[in-house]
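Commentary on secondary and tertiary structure
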Amino acid sequence: MVTSAPDRVAVVGAGVAGLAAARGFVRAGASVKVFEKARAPGGRISTRRAEDFAFDHGAQYFTCRDPRFAEILEPMRRSGGVAPWQGRIRSLRRGRIAALREETERLVGVPGMSALSRALAAGLEVEAQCRIEAVERSERGWTLRPAQGEPAGPFDAVVVATPAPQAVPLLEAAPRLHRAVSAVRMQPCWAALVAFASPLGAALDGAFVEQSPLAWAARNGSKPDRPAADCWVLHATPAWSEANLEDEPEPIGARLLDAFAEALDRKLPAPEWLRTHRWRYASTNQPLGQPYLWDTTARMGVCGDWGDGGRVERAVLSGDALAHAACGAE
Ligand code: FAD
């Protein structure tokens, strides 16, 4: 069946999936408004800056295996907003550093991961600091109810592009979507952001950590065009993060730093700066099993990394494919 592109579209969530969907609808001629609860677009692609430090504390890098994603990235690669990360990525187990069996091209935003979401958001109408609490349907179309302020709408179509658990309450008007998304499970990640006064001198720039509360550690300054300071991002495993989810941030930072010292099997200097960040919905342990859902009758869709891949590339492709299908651009 060939469907026509909707005229007015609302997208809830300005992560890369929502932004890619919004771009797809705009390309098909729709007027699109994106609603984002945070101060800026990006979602789990985020760069935190403080003093002379910078940390990509969500997604660390991304791969590009699909030709469609390569096409979307091409202008960003050409302008230098996306570049390969040439860091020494290793595995790390209790002081033992080993090369990885499989090498892959790792791409990053420049000068921070957030450059990717900024580029995807360019030219889109994004209303930031606007948390949508309900999505309602009437004869006139879809209305979005924000936590504060006036309802927005009516829209012909709506796309919910938030992490699955945050999407569920917004899908009550589309029972098929509501049921399917309710089955998705996501898991948390505690992150520690730590800066040292002088370089640690570890023989690695990024590591998949084994037999540790940590799953990953990376020297942010080894990515292209970052500040020179010795800034590290430490990510806890999903199991450790889940077990300590409601703990206070400060002791979490200290424990992750201890875990890093143990993984490197050396004493670390006192950090110059240490903060934590809790990603409540970081990764997917039970995915939807398909990249997106689009209800043709209701003109409502869902997309996100939790569809079928849990990575930046799959998130972008999920939003892009949803817009493509919804606009009947087969
Ligand atoms: P999100 O980025 O979560 O975007 C959803 C947006 O919806 C958010 O901006 C949120 O604020 C907004 N929102 C939620 N509810 C509402 C509401 N009610 N109203 C308005 N807005 C709302 N991927 C990789 O490829 N490589 C990696 O190395 C990597 N490492 C990672 C490490 C960590 C710690 C984390 C957390 C993720 C990592 N990922 C990695 C995964 C990657 O970040 C995600 O796959 C991708 O960013 C998901 O994009 P998204 O648009 O689907 O969701």
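Each remark here, short or long, concerns the structure printed above.
Below is a short write-up of the structure. This structure is a prediction, so every number in the text was calculated from the model and none was measured.

Considerations on the site of the ligand
Neighbouring the ligand are 35 residues, the closest being A17, E36, R44, Y61 and D305. One of the backbone nitrogen or oxygen atoms of V16 is found 3.1 Å away from an oxygen atom of the ligand. Here the ligand, which alone exposes 1,000 Å², has 94% of that area covered by the protein. Contributing elements (two or more residues each) for the shell around the ligand: helix 1 (16–27), strand 18 (273–286) and helix 8 (312–326). Of the residues in the shell around the ligand, the class split is 18 nonpolar, 11 polar and six charged.

A few points about empty space enclosed by the protein
Evaluation of the coordinates by the stated rule reveals one cavity of 30 Å³ or more. Taken as a whole, the largest cavity encloses approximately 40 Å³ of empty space. In this structure, the largest cavity is lined by R94, E210, Q211, S212, P213, A259, E262 and A263. Grouping the amino acids of the lining of the largest cavity by side-chain chemistry returns three nonpolar, two polar and three charged.

Some details on the packing of aromatic side chains
All chains considered together, the criterion is met by 10 aromatic pairs. Both rings, one in F35 and one in F155, keep their centres 6.1 Å apart while their planes meet at 85 degrees; by these two values the pair is edge-to-face. One end of the pair, F35, is in strand 2 (residues 31–35); the other, F155, is in strand 12 (residues 152–155), with 120 residues separating them in the sequence. For the pair formed by F35 and F155, the shared burial category is buried.

A short note on the pattern of salt bridges
Taken as a whole and judged by the stated rule, the model has 20 salt bridges. A salt bridge links K33 to E125; its shortest N-O distance comes to 3.8 Å. Linking K33 in strand 2 with E125 in strand 9 (residues 125–127), this pair joins segments that are 92 residues apart in sequence. A relative accessible area of 21% places K33 in the partly exposed class. Look at the salt bridges and you will find they share partners, linking R27, R68, E71 and D320 into a network.

Notes on the packing of helix 2 (residues 67–79) against helix 3 (residues 114–121)
Two elements in contact, helix 2 and helix 3, have axes separated by 11 Å at closest approach and are oriented at 105 degrees. Here helix 2 is positioned roughly perpendicular relative to helix 3, judged by the angle of their axes. Residues I72, L73 and M76 of helix 2 form the contact with helix 3, whose own contacting residues are L116, A119 and L120. Residues belonging to the contact of helix 2 with helix 3 are distributed by class as follows: six nonpolar, no polar and no charged.

Some points on the side chain of D205
Mapped onto the fold, D205 is located in the loop between strand 14 (185–196) and strand 15 (206–209). For D205, a relative accessible area of 5% gives the class buried. Beyond its immediate chain neighbours, meaning those up to four positions away, D205 contacts W85, G87, R88, A217, A218, R219 and S222.

Regarding the packing of helix 1 against helix 8
For the pair helix 1 and helix 8, the least separation of the axes is 7 Å and the interaxial angle reads 30 degrees. When the axis of helix 1 is compared with that of helix 8, the two are roughly parallel. In this structure, helix 1 crosses over helix 8, and the sense of that crossing is right-handed. Counting all contacts with helix 1, which are made through V16, A17, A20, A21, G24, F25 and R27, the residues of helix 8 involved are V312, A315, V316, G319, D320, A323 and A326. Considered class by class, the residues forming the contact of helix 1 with helix 8 number 10 nonpolar, two polar and two charged.

Cut-offs used in this document
Residues numbered from 1 in each chain as written. Predicted model: local features only at pLDDT ≥ 70, side-chain atom pairs only at ≥ 80, totals over all residues. Heavy atoms only, no water. Near = heavy atom within 4 Å. Polar contact = N/O pair within 3.5 Å; in protein donor to acceptor, adjacent residues only side chain to side chain. Areas by Shrake-Rupley, 256 points an atom, 1.4 Å probe, with all protein chains shown as cover. Helix = DSSP H or I, 4+ residues; strand = E, 2+ residues; numbered from the N terminus. Nonpolar A, V, L, I, M, F, W, Y, C, P; charged D, E, K, R; others polar. 1 Å grid on protein atoms, 1.4 Å probe; cavity = no way out; pocket = protein on both sides within 12 Å on 5 of 7 lines; lining within 4 Å. Points joined across faces, edges and corners; volume = space filled by probe spheres on them. Phe/Tyr/Trp six-rings, centres within 6.5 Å; stacked < 30°, edge-to-face > 60°. Buried < 20%, exposed > 50% of the residue type's maximum accessible area, 1.4 Å probe, protein only. Salt bridge = Lys/Arg side-chain N within 4 Å of Asp/Glu carboxyl O. Axes fitted to C-alpha atoms, helices over the stretch in contact; angles between N-to-C directions. Parallel < 35°, antiparallel > 145°, perpendicular 65-115°, else oblique. Contact = heavy atoms within 4.5 Å. Left-handed = near helix turned anticlockwise from the far one by under 90°.

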